[in-house]
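# Inside the fold
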Amino acid sequence: RGLRVPDDLSVIGFDDIRFAQYMDPPLTTIRQPMRELGEATVRLLLNILRGNVKDAVSVTLPHALIVRASTGAPRARTGLTIARG
């Protein structure tokens, strides 16, 4: 379609996989603490199995936006329409 990243389109990933920084252009991504996520999941599962959790539980862990070259500032709208399909 002739679109260029980040000139025409910004791309963002999730999980900050190892290769994100080596892509062309390097991928902007969300980094989350994978080890802590696993530990929190196991703790919650054990509490559920022990009957200590009666209601739905939401757990939010710290995360970070890692800005790399795959994102850019929005351009002024020029009437460009991108066909889908």
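This text follows the structure it describes.
Residues numbered from 1 in each chain as written. Predicted model: local features only at pLDDT ≥ 70, side-chain atom pairs only at ≥ 80, totals over all residues. Heavy atoms only, no water.

### What to know about the overall build of the protein chain
From N to C terminus, the protein chain includes one helix and three strands. Each helix and strand of the protein chain, ordered N terminal to C terminal, gives the series β-β-α-β. Put simply, the protein chain has 85 residues, and 14% of those count as buried. Of the contacts formed within the protein chain by residues at least 6 apart in sequence, a portion of 66% connects residues at least 24 apart. Summed over its atoms, the accessible surface of the protein chain is roughly 7,200 Å², and 57% of this surface lies on carbon and sulfur atoms. (Helix = DSSP H or I, 4+ residues; strand = E, 2+ residues; numbered from the N terminus. Buried < 20%, exposed > 50% of the residue type's maximum accessible area, 1.4 Å probe, protein only. Contact = heavy atoms within 4.5 Å. Areas by Shrake-Rupley, 256 points an atom, 1.4 Å probe, with all protein chains shown as cover.)

### Focus: helix α1 (residues 34-49)
Helix length check: α1 (16 residues) gives 23 Å between terminal C-alpha atoms against 22 Å at 1.5 Å per residue, within 8%. Two residues or fewer past α1, Gly51 is found with a positive phi of approximately 80°. (Expected span 1.5 Å × (residues − 1).)

### A few points about a nonpolar patch on the surface
On the surface, Leu3, Val5, Leu9 and Val11 cluster together into a nonpolar patch covering about 270 Å² of accessible area. Relative to the helices and strands, Leu9 resides in the segment before β1 (12-14). (Patch = residues over 30% accessible without salt bridge, like charges linked within 9 Å, V, L, I, M, F, W, Y side chains within 5 Å. Salt bridge = Lys/Arg side-chain N within 4 Å of Asp/Glu carboxyl O.)

### Points about the sheet that holds strand β2 (residues 28-31)
Taken together, three strands build an open sheet; the order of strands is β1-β2-β3 and the sheet is mixed. Each having just a single partner strand, β1 and β3 (64-66) make up the two edges of the open sheet. Neighbouring strand axes in the sheet, compared pairwise and without regard to direction, differ in orientation by 25° on average. Pairing geometry for β2 and β3, over three bridges, is antiparallel. Across the sheet, Arg31 pairs through a bridge with Ala64, a residue of β3. (Pairing = 2+ DSSP bridges. Axes fitted to C-alpha atoms, helices over the stretch in contact; angles between N-to-C directions.)

### What to know about the pattern of salt bridges
The full count for this structure, using the stated rule, is five salt bridges. Residue Arg4 pairs with Asp7 through a salt bridge whose shortest N-O separation is 3.6 Å. In this structure, Arg35 and Glu39 form a salt bridge, with 3.1 Å as the shortest nitrogen-oxygen distance. Remark: Glu39 and Arg35 occur in helix α1; sequence separation between them is four residues, near one turn of the helix. Looking at Arg35, the relative accessible area reads 65%, which means it is exposed. Taking the relative accessible area as the measure of exposure, Glu39 reaches 35% and is therefore partly exposed. Connected via shared salt-bridge partners are Arg4, Asp7 and Asp8.

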